[in-house]
Amino acid sequence: MFTQGQWTFAGFFVVAFIVAMIYAYRKDLKLHKIFYKKSYLVLLGFLAFIGLLFVIKVYLKH
């Protein structure tokens with residue numbers, strides 16, 4: 001389905017992309033610590049909302 005060259009390109013692309021993402025994250029780590037304090041609260045709020053919807057669904061089903 002794919003040629004050997006396509007698989008080679010995909011492998012190099014994935015490795016280069018991961019390296020670039022790690023480099024960019026390390027470079028911006030100071031800014032992340034300043035501007036994204038308590039960002040986990042957004043995740044917790046989202047999960048609580050999904051849980052609430054599930055509870056409402058179960059409650060209304062019975």
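What counts as what
Residues numbered from 1 in each chain as written. Predicted model: local features only at pLDDT ≥ 70, side-chain atom pairs only at ≥ 80, totals over all residues. Heavy atoms only, no water. Helix = DSSP H or I, 4+ residues; strand = E, 2+ residues; numbered from the N terminus. Rg over C-alpha atoms; globule rule 2.2 N^0.38 Å. Buried < 20%, exposed > 50% of the residue type's maximum accessible area, 1.4 Å probe, protein only. Areas by Shrake-Rupley, 256 points an atom, 1.4 Å probe, with all protein chains shown as cover. UniProt positions renumbered as here; feature names shortened; annotations may be inferred. Phe/Tyr/Trp six-rings, centres within 6.5 Å; stacked < 30°, edge-to-face > 60°. pLDDT = per-residue confidence, 0-100.

Caption draft 1: Representation of the overall build of the chain. When helices and strands are tallied, the chain shows 3 helices and 0 strands. In sequence order, the chain lays out its α and β elements as α-α-α. On C-alpha atoms alone, the chain measures out to a radius of gyration of 21 Å, which is more than a quarter above the 11 Å that the 2.2 N^0.38 rule sets for 62 residues. On the principal axes, the C-alpha backbone points of the chain span a range of 55 × 45 × 5 Å. Scored against the burial criterion, the 62 residues of the chain give a buried share of 0%. In the form shown here, the chain has an accessible surface area of approximately 6500 Å², with 76% of it arising from carbon and sulfur atoms.

Caption draft 2: Representation of the UniProt feature "transmembrane region" (unreviewed entry) in the chain. Listed under "transmembrane region" (unreviewed entry) in the UniProt record, and renumbered for this structure, are residues 6-25 and 40-60. End C-alpha atoms of residues 40-60 are separated by 30 Å, and the span's content is 100% helix alongside 0% strand.

Caption draft 3: Representation of the packing of aromatic side chains in the model. Per the stated rule, a full pass over the model turns up 3 aromatic pairs. Seen in terms of ring centroids, F2 and W7 are 5.5 Å apart; in terms of plane orientation they differ by 80°. Their pairing is edge-to-face. Every member of this aromatic cluster is reached through a ring pair, and the members are F9, F13 and F17.

Caption draft 4: Local environment of the confidence of the model for the chain. Looking at the chain as a whole, its pLDDT mean stands at 93, while 100% of the residues score no less than 70. Across the chain, helix α1 (residues 4-27) holds the top mean pLDDT of 96, while helix α2 (residues 29-35) sits lowest at 87.

Caption draft 5: Spotlight on unusual backbone geometry. Even without being glycine, K38 reaches a positive phi, approximately 60°. Position of K38 relative to the elements: it lies in the loop between α2 and α3 (40-61).

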